[in-house]
Amino acid sequence: MSATTHVLVIGAGAAGSAAVRELAPQEKITTTAIIDAEIAPYNRTLVNKAVATGLIDTHQAQLPPLPGSVVRDSVRAVDPREQTVHLRSGARLDYDALIVATGSAPRPLPSGVAAPAAVDSARMTHLHSLDDALRVRAALAATTSPRVLVYGAGMIGAETSGILRDAGCQVTLAASSPVPGITAFGAAVAEQLARAHRRAVTTRFGHTLTHLDLEKNEVRAEFSDGHVATVDLVITALGTIAVSPSPWNGPIAVDHRLRSRTHDHIYAAGGVAVHESDGLTWRIDHWSDAEAQGVHAARSLLASIGLADSPGIYRPRALYSAQIHQHLYLAAGHTSHSENVQTTSIVPLVLTHERAGQLIGVSGLDAGAAVMALVPELHSSIESMPRAESTPSTDTP
Ligand SMILES: Cc1cc2nc3c(=O)[nH]c(=O)nc-3n(C[C@H](O)[C@H](O)[C@H](O)COP(=O)(O)OP(=O)(O)OC[C@H]3O[C@@H](n4cnc5c(N)ncnc54)[C@H](O)[C@@H]3O)c2cc1C
């Protein structure tokens, strides 16, 4: 290996940008970030909160320019054996170490639910990208008080329903579960949010969307109980799935230092990474956690070539939040792998999530201070045990 280590970073959203910035001060490292040819890296959290409703324009959601080299292209495939990345343009780039930070994509509706005419129209969209936000903005501009069906009431669907209601839309929030959002929020929070949704918007919980079709200039949405809703716009919000180039074409399994479990010299961070640590298999797709993972992957890489101490085991503790109607949901750590959920306060609602006697997550509704006060306690008793990785390791990147 040459005196400098060349690190390629694929994707420059939360995780990729954080990794590039962490590596930037290192004189013995050169970085090249591969970023979308058409759209500069942006803060995805603003897509529904600000761009869709026209509070800001797309360029205002852009992230600050990255240090190091930037290639504007997208990665088609990685050849881990040759340590080469193949770009859509046909070009190839070699690497000494690679950080994959390609994030996630919206989970699609089951095939056959949406008729091709609806899929191809501007009246049906996810709300994941700036293009999606512009589609929503156009629908809002085209009609006074447009009728919007939001299908899926996890974090994004729940938050977006309130944002669009406040923007003057007639919102129907629908979900197949009678108490939606249990996976995202846990049962206690989901029940309170279901009540808040019923007060704020029209709800259709417990019925699956079975068919969507375009009729004249409207969308006809049919549900499993035979109900039909006619709306101006449908937003599907069914969660996310990890995206990555070949050979993974999906989630990338990483160890506790964010190294690929299957390929040497490769790290993954953010929404694309599936972690296995402390007996848990998990994937977290939140902005601050993705940033923290990007930093951790970079430090792990530096440790592998003797340029830093080992950052140790990655354990999530970044805060994430959603403003849903008048409520602030705030959480950190693992909130969906608990063996034991304790309600430490009913009003405001504060929940602690434990596993094997460890505090692994904390969440709450309108309980900002209480949740934040518990964050330093996360994983604390595991971390006070003697660490196996306290000295710099010098394995290859
Ligand atoms: C509408 C919306 C609102 C959200 N609000 C919040 C919030 O309030 N709080 C919160 O914590 N989280 C929120 N999130 C989630 C948060 O945005 C994500 O968890 C975060 O962006 C994940 O970071 P990432 O780096 O893994 O992926 P991203 O930030 O999505 O970055 C991945 C980058 O990789 C690029 N890429 C993908 N494939 C390739 C390829 N083959 N070649 C080159 N580049 C590629 C993509 O173009 C993208 O730029 C929200 C998400 C959405 C959709």
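All of these numbers come straight from a predicted model, not from anything done at the bench. (Residues numbered from 1 in each chain as written. Predicted model: local features only at pLDDT ≥ 70, side-chain atom pairs only at ≥ 80, totals over all residues. Heavy atoms only, no water.)

### Digging into the confidence of the model for the protein
Then, in step 1: Here the protein shows a mean pLDDT of 94. Residues at 70 or above account for 96%.
Then, in step 2: Low pLDDT (under 50) marks residues 386-397, which in the prediction has 35 contacts with non-local residues, meaning those over four places away or in another chain. (pLDDT = per-residue confidence, 0-100. Contact = heavy atoms within 4.5 Å.)

### Details of unusual backbone geometry
Then, in step 1: Backbone torsion omega between Ser246 and Pro247 reads 15°, so that peptide bond is classified as cis.
Then, in step 2: Mapping Pro247 onto the fold places it in the loop between strand E17 (240-242) and strand E18 (252-254).
Then, in step 3: In this chain, Val347 is followed by Pro348 through a cis amide linkage whose omega measures -5°.
Then, in step 4: Located in the positive-phi region is His265, a residue other than glycine, with phi close to 65°.
Then, in step 5: Among the residues examined, His265 registers a relative accessible area of 16% and is labelled buried.
Then, in step 6: The phi dihedral of Ala356 falls on the positive side, at around 50°, and the residue is not glycine. (Helix = DSSP H or I, 4+ residues; strand = E, 2+ residues; numbered from the N terminus. Buried < 20%, exposed > 50% of the residue type's maximum accessible area, 1.4 Å probe, protein only.)

### Re helix H7 (residues 187-200)
What sets the pattern is the α-helix's 3.6 residues per turn: residues three or four places apart point alike.
Then, in step 1: Given a rise of 1.5 Å per residue, 14 residues ought to cover 20 Å, and the 20 Å separating the end C-alpha atoms of H7 matches this to within 8%.
Then, in step 2: What H7 keeps buried is the set Val189, Ala190, Leu193, Ala194, Ala196, His197 and Ala200. (Expected span 1.5 Å × (residues − 1).)

### Considerations on the pairing of strand E13 (residues 209-215)
Then, in step 1: One ladder, built from six bridges, connects E13 with strand E14 (residues 218-223); its direction is antiparallel. Residue Leu209 lies in a different strand from E14, and its bridge partner there is Phe223.
Then, in step 2: The hairpin formed by E13 and E14 contains two residues between the paired strands, and Lys216 there has a positive phi angle of roughly 55°. (Pairing = 2+ DSSP bridges.)

### Observations concerning the nonpolar core
Then, in step 1: Grouped together as the largest cluster of nonpolar side chains are 46 residues, with contacts concentrated most on Val7, Ile10, Val78, Val85, Leu98, Ile99 and Val100.
Then, in step 2: Aside from chain neighbours lying at most four places away, what touches Val78 is Ile10, Thr84, Val85, Tyr95, Leu98, Pro245, Ser246, Pro247, Trp248 and Ile266. (Core = buried A, V, L, I, M, F, W, Y, C linked by side-chain atoms within 4.5 Å.)

### With respect to the site of the ligand
Then, in step 1: Surveying the vicinity of the ligand reveals 28 residues, the closest of which are Ala15, Arg44, Lys49, Gly271 and Asp285.
Then, in step 2: A distance of 3.2 Å separates an oxygen atom of the ligand from a polar backbone atom of Ala14.
Then, in step 3: Residue His286 places a main-chain N or O atom 3.0 Å away from an oxygen atom belonging to the ligand.
Then, in step 4: Contact with the protein chains hides 87% of the accessible area of the ligand, taken as 1,000 Å² for the molecule alone.
Then, in step 5: If you list the elements that add at least two residues to the shell around the ligand, you get helix H1 (14-23), helix H2 (46-51), helix H8 (287-304) and strand E22 (319-324).
Then, in step 6: Examining the composition of the shell around the ligand, we find that three residues originate from one element, H2, more than from any other.
Then, in step 7: Taken together, the residues that form the shell around the ligand break down as 13 nonpolar, twelve polar and three charged.
Then, in step 8: No fewer than three residues from each of domain 1 (5-105 + 241-304) and domain 2 (108-238) sit in the shell around the ligand. (Near = heavy atom within 4 Å. Polar contact = N/O pair within 3.5 Å; in protein donor to acceptor, adjacent residues only side chain to side chain. Areas by Shrake-Rupley, 256 points an atom, 1.4 Å probe, with all protein chains shown as cover. Nonpolar A, V, L, I, M, F, W, Y, C, P; charged D, E, K, R; others polar. Domains from an automatic or database assignment.)

### What to know about the packing of H1 against H8
Then, in step 1: Direction vectors running N to C along H1 and H8 enclose 40°, while the axes themselves pass 7 Å from each other. On the basis of their axis angle, the class for H1 and H8 is oblique. The handedness of the crossing between H1 and H8 is right-handed. The segment H1 lies against H8, with Ala14, Ala15, Ala18, Ala19, Glu22 and Leu23 engaging Trp287, Ala290, Glu291, Gly294, Val295, Ala298, Arg299 and Leu302. (Axes fitted to C-alpha atoms, helices over the stretch in contact; angles between N-to-C directions. Parallel < 35°, antiparallel > 145°, perpendicular 65-115°, else oblique. Left-handed = near helix turned anticlockwise from the far one by under 90°.)

### Looking at the side chain of His296
Then, in step 1: By the secondary structure assignment, His296 is in helix H8.
Then, in step 2: With a relative accessible area of 9%, His296 lands in the buried category.
Then, in step 3: Leaving out residues up to four positions away in the same chain, His296 has contacts with His256, Arg257, Leu258, Pro311, Gly312, Ile313 and Tyr314.

### Quick word on the pattern of salt bridges
Then, in step 1: Under the criterion given, the structure shown has 14 salt bridges.
Then, in step 2: For the salt bridge of Arg259 with Asp255, the shortest nitrogen-to-oxygen distance reads 2.7 Å.
Then, in step 3: Owing to a relative accessible area of 12%, Asp255 belongs among the buried residues under this scheme.
Then, in step 4: Three or more residues joined by partner-sharing salt bridges are found here, namely Arg147, Glu218 and Asp232. (Salt bridge = Lys/Arg side-chain N within 4 Å of Asp/Glu carboxyl O.)

### So, H1
Then, in step 1: Buried residues dominate H1, accounting for eight of its ten residues.
Then, in step 2: When H1 is considered as a whole, its buried residues turn out to be Ala14, Ala15, Gly16, Ser17, Ala18, Ala19, Val20 and Leu23.
Then, in step 3: On its buried side, H1 packs onto strand E1 (5-10), strand E2 (29-35), strand E7 (97-100) and H8.

### Observations regarding the sheet that holds strand E24 (residues 340-345)
Then, in step 1: Pairing within the open sheet is antiparallel, and its five strands lie in the order E22-E23-E26-E25-E24. The strands lining the two open edges of the sheet, one partner per strand, are E22 and E24. On average, each strand axis in the sheet is inclined to that of its neighbour by 20°, with strand direction left out of account.
Then, in step 2: For strand E23 (residues 327-333) and strand E26 (residues 358-365), the ladder comprises five bridges, and the chain directions are antiparallel. Each residue of the ladder has a partner; that of Ala331, found in E26, is Ser363.
Then, in step 3: The sheet contacts of H7 involve E22, E23, strand E25 (349-355) and E26, and relative to E25 the element is tilted by about 145°.

### Some details on the environment of Ala242
Then, in step 1: Take Ala242: it is sitting in strand E17.
Then, in step 2: In contact with Ala242, not counting residues within four places along its chain, are Gly103, Ser104, Gly250, Pro251, Gly271, Val272 and Arg283.

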